[in-house]
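Here is how the chains run, residue by residue.
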Amino acid sequence: MIKFLKAIKRMVGKPYRKMQGAYIKNKQARDYYHMSREKLVSKVFKEGMGYYPNLDNPQTFNEKVCWMKVNYYNPLAKVCADKYGVREYLKALGHEDLLIKQYGVYGSAKQIKIEDLPETPFILKTNHGCGGHLICKDKSKLEQKHLLKVLGANEKKNINYATHAQEWVYEHITPMILCEEFLDEDGHSPMDYKIICNNGKVKFLYVCKRFDCAEGVDHELTIFDRDFNKLPCTWSRPNLSIELKKPKNYDKMIALAEELSKPFPFVRVDFYNINGKLYFGEFTFFPWSGRHPFQPAEYDKILGDMIELPEKQETPFNYEK
């Protein structure tokens with residue numbers, strides 16, 4: 001009898017969870033287009049920070065990131081947020097040399113055939129999301145079933161960051177899976193240099209390590225000032241477990257970040273810096289979605305003081321009723 005009841009629970013539970021997920025997704029979409037953007041951004045902020053932001057007079061870094069979600073709009077940011085579309089943009093600027101080698105583009109995981117993938121190490125990732133990558137260093141060990149399980153599951157989740165986190169730059173991006181060269185730095189995954197720019201000037205940066213981290217840690221990051229001095233704080237993740245030296249071509253990387261950021265009052269420009277060779281990572285317009293606390297907490301204000309916000313705009317995406 002107990003086994004029978006458990007079986008019924010499983011049968012009922014699966015479609016119920018599916019319907020519940022669809023309801024939440026649809027509700028987020030309805031809210032995004034019909035509720036006050038300020039209220040929705042404040043709600044998302046509170047979920048991460050534990051209190052409501054001051055969007056009338058933002059003071060902290062996280063508050064200013066959220067202010068940008070409500071009061072700034074630039075169609076070019078949508079192009080640059082798309083990890084596929086941004087490639088053509090960089091080529092037009094004459095920076096094709098910064099692009100990571102791309103092997104293929106797919107509309108879904110089912111379109112990917114292992115025999116067509118490169119023999120060299122590669123990474124499969126989405127053009128519109130965060131995480132959910134599949135890294136393959138040896139194609140002979142990759143199974144179609146595993147590929148579909150990892151990438152297919154991500155397609156089902158398919159988080160729309162426009163409605164999920166109120167990040168309007170992700171509106172109407174056509175989801176794709178990109179196959180790119182997997183970058184390797186002396187046998188290790190490369191450091192990711194994430195450079196915060198304001199009005200075409202670098203304010204600070206943080207360096208991430210997503211693989212080969214300390215046990216139980218998904219990734220590590222350390223915050224540096226513009227001169228690459230380590231700041232005594234953390235941001236949602238522990239500091240790097242290794243001491244990182246200033247790259248020899250650091251000034252070139254900073255100059256490129258400032259050049260690429262010029263069209264935007266606020267943006268994060270990411271690079272991989274491998275043995276003196278620079279590779280463009282991505283543009284991010286709302287780092288950590290503006291809802292991850294600093295430790296100590298006063299660094300949210302210290303870093304926020306570095307950011308000068310643009311004039312408030314009338315934006316086309318706030319259909320307040």
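To be clear, the structure that these remarks concern was listed above.
Being a predicted model, the structure only gives us computed values, none of them experimental.

Comments concerning the sheet that holds strand β2 (residues 122–126)
The strands making up a sheet are joined through hydrogen bonds of the backbone, oriented either antiparallel or parallel. Spatially, β1-β4-β2-β3 is the arrangement adopted by the four strands of the open sheet, whose pairing is antiparallel. With partners counted over all chains shown, the strands left at the sheet margins are β1 (102–106) and β3 (134–136), one partner each. Strand-to-strand twist of the sheet, defined as the mean angle between neighbouring strand axes without regard to direction, takes the value 15°.

Remarks on the pairing of strand β5 (residues 192–198)
Of all seven residues making up β5, seven are buried, and the element is well covered by its neighbours. Here β5 shows two buried faces, one formed by Asp192, Lys194, Ile196 and Asn198 and the other by Tyr193, Ile195 and Cys197. Note that β5 and strand β6 (residues 201–209) share seven bridges and pair antiparallel. Paired with aspartate 192 across the bridge in β6 is cysteine 208. What sits between β5 and β6 in their antiparallel hairpin is a turn of two residues, with asparagine 199 showing a positive phi close to 55°. Here β5 pairs with strand β9 (residues 266–274) via seven bridges, running antiparallel. Bridge pairing in β9 links lysine 194 to aspartate 270.

Observations regarding the sheet that holds β5
Pairing in this open sheet of five strands is antiparallel, and the strands run β7-β6-β5-β9-β10 from one edge to the other. In this open sheet, the two edge strands, each paired with only one partner strand, are β7 (220–225) and β10 (277–284). Neighbour-to-neighbour, the strand axes of the sheet open up by a mean angle of 25°, direction not taken into account. Sheet strands in contact with helix α8 (residues 250–261) are β5, β6, β7, β9 and β10, and its direction is about 145° off that of β9.

Some thoughts on the side chain of asparagine 249
Note on placement: asparagine 249 falls in the loop between β8 (234–235) and α8. Every residue in contact with asparagine 249, bar those within four places of it in the chain, is listed here: Asn273, Gly276, Lys277 and Leu278.

Focus on the environment of cysteine 136
Looking at the secondary structure, you find cysteine 136 in strand β3. The spacing of cysteine 136 and phenylalanine 122 is 14 residues in sequence and 5.5 Å in space, taken between C-alpha atoms. For cysteine 136, the contacting residues outside a window of four places in its chain are Pro121, Phe122 and Leu142.

Some thoughts on the side chain of glutamate 185
Tracing the chain through its elements places glutamate 185 in the loop between β4 (177–181) and β5. Of the buried charged residues, glutamate 185 lacks a salt bridge, with lysine 209 as the closest side chain of opposite charge at 10 Å. Not counting residues up to four positions away in its chain, the partners in contact with glutamate 185 are Pro190, Met191, Asn273, Ile274 and Asn275.

Let's talk about unusual backbone geometry
Following glutamine 295, the chain continues into proline 296 via a peptide bond in cis, with omega recorded as -5°. Mapped onto the elements of the fold, proline 296 is located in the loop between β11 (294–295) and α9 (298–304). The phi dihedral of asparagine 199 falls on the positive side, at around 55°, and the residue is not glycine. With respect to the helices and strands, asparagine 199 occurs in the loop between β5 and β6. One non-glycine residue with positive phi stands out, namely serine 236, at about 70°. By the element assignment, serine 236 lies in the loop between β8 and α8. For serine 236, a relative accessible area of 31% corresponds to the partly exposed category.

About the cut-offs
Residues numbered from 1 in each chain as written. Predicted model: local features only at pLDDT ≥ 70, side-chain atom pairs only at ≥ 80, totals over all residues. Heavy atoms only, no water. Pairing = 2+ DSSP bridges. Helix = DSSP H or I, 4+ residues; strand = E, 2+ residues; numbered from the N terminus. Axes fitted to C-alpha atoms, helices over the stretch in contact; angles between N-to-C directions. Buried < 20%, exposed > 50% of the residue type's maximum accessible area, 1.4 Å probe, protein only. Contact = heavy atoms within 4.5 Å. Lys, Arg positive; Asp, Glu negative; His and termini not counted. Salt bridge = Lys/Arg side-chain N within 4 Å of Asp/Glu carboxyl O.

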